[in-house]
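Letter by letter, the chains look like this.
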Amino acid sequence: MKLLPEHIAAAENCIRSFFERDHSGHDWDHIQRVRRTALFLCKEEGCSDELAVDLIALLHDAGDDKLYSSEEEAHRALQTVLQEIQLDDEYQTFILEAIHCISYSGGCTQKQIPIEAAIVRDADRLDAMGAIGIARAFTYGGAIGSKFYDESIQVRHELTKEAYRTEESTVINHFYEKLLKLKDLMLTDSGKKAANHRHKYMEEFVKQFLKEWGDPHETADSGKH
């Protein structure tokens, strides 16, 4: 089928109210940033199907199970949107597979990912990096009741999806467990380039955070020189 601007508008109408109520860092503003970044990467990568990229970016969190009470509810929510915007079965399958590839726990390899999904995946991960990524990490940590940091809680180096969602951790641990790994997981050349600066910014933030946590007087004194 041919994707039309009307499909994009219909999808926006279906999901906007839900995401405007979110306070976990996966809100409507996040979706809009991912869309803008994805369309920028689309041009940089020479991808011609801007409408597909836009729709995938728009819906990339519509079936995210951490925003719903269960995986089944999340799947139904996404299926409902795809049906309401009147995509045919073949295109629904394409969108579903693309969204699955975007998830951090999706398990797709680079060779399996169509360019449209790779672009949105990079755009979504860029929004988890840099200054915005830091803000979102603490927002999400607050939403699920995580501490900023706790020296007694160790960084987890091997994580299942269930452990990632259910075991106790901290926001700072989250940088080591996920956010500082994103730079090396970028798929597009333009995504890799954009990730470098954001990665360095996060590294400096974590370094400064831990310095202040351990010896705030040292930081205060150094600022006077």
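Refer to the preceding data block for the structure.
A few points on the structure. (Residues numbered from 1 in each chain as written. Predicted model: local features only at pLDDT ≥ 70, side-chain atom pairs only at ≥ 80, totals over all residues. Heavy atoms only, no water.)

### Concerning the nonpolar core
Here is step 1: Residues Leu55, Leu58, Leu59, Ile95 and Phe175 are the most contacted members of the largest nonpolar core, which totals 60 residues.
Here is step 2: Excluding anything up to four places from it in sequence, Leu58 contacts Ile8, Ala11, Glu12, Ile15, Trp28, Ile31 and Arg35. (Core = buried A, V, L, I, M, F, W, Y, C linked by side-chain atoms within 4.5 Å. Buried < 20%, exposed > 50% of the residue type's maximum accessible area, 1.4 Å probe, protein only. Contact = heavy atoms within 4.5 Å.)

### A look at the pattern of salt bridges
Here is step 1: Scanning the entire structure with this criterion turns up 9 salt bridges.
Here is step 2: Here Arg35 makes a salt bridge to Asp54, at a shortest N to O gap of 2.7 Å. Of the two residues, Arg35 is situated in helix α2 (residues 28–45) and Asp54 in helix α3 (residues 50–59); the sequence distance between them amounts to 19 residues.
Here is step 3: You can call Arg35 buried: its relative accessible area is 9%.
Here is step 4: We classify Asp54 as buried; its relative accessible area is 11%.
Here is step 5: A salt bridge links Asp64 to Lys66; the shortest N-O distance between them is 2.6 Å.
Here is step 6: By relative accessible area, which is 13% here, Asp64 ends up buried. (Salt bridge = Lys/Arg side-chain N within 4 Å of Asp/Glu carboxyl O. Helix = DSSP H or I, 4+ residues; strand = E, 2+ residues; numbered from the N terminus.)

### With respect to helix α10 (residues 189–214)
Here is step 1: Here α10 spans 38 Å end to end across 26 residues, near enough to the 38 Å set by a 1.5 Å rise per residue.
Here is step 2: Ala195 marks where α10 bends most, by close to 30°.
Here is step 3: On its buried side, α10 packs onto α2, α6 (115–126), α7 (130–144) and α9 (171–177). (Expected span 1.5 Å × (residues − 1). Bend = angle between axes of the 7 residues up to and from the residue.)

### Here we look at unusual backbone geometry
Here is step 1: Positive phi values are uncommon outside glycine, yet Gln86 reaches one of about 65°.
Here is step 2: A residue is classified by how much of its surface remains accessible, and Gln86, at 64% relative accessible area, is exposed.

Such coordinate-based values are descriptive only and should not be taken to indicate function.
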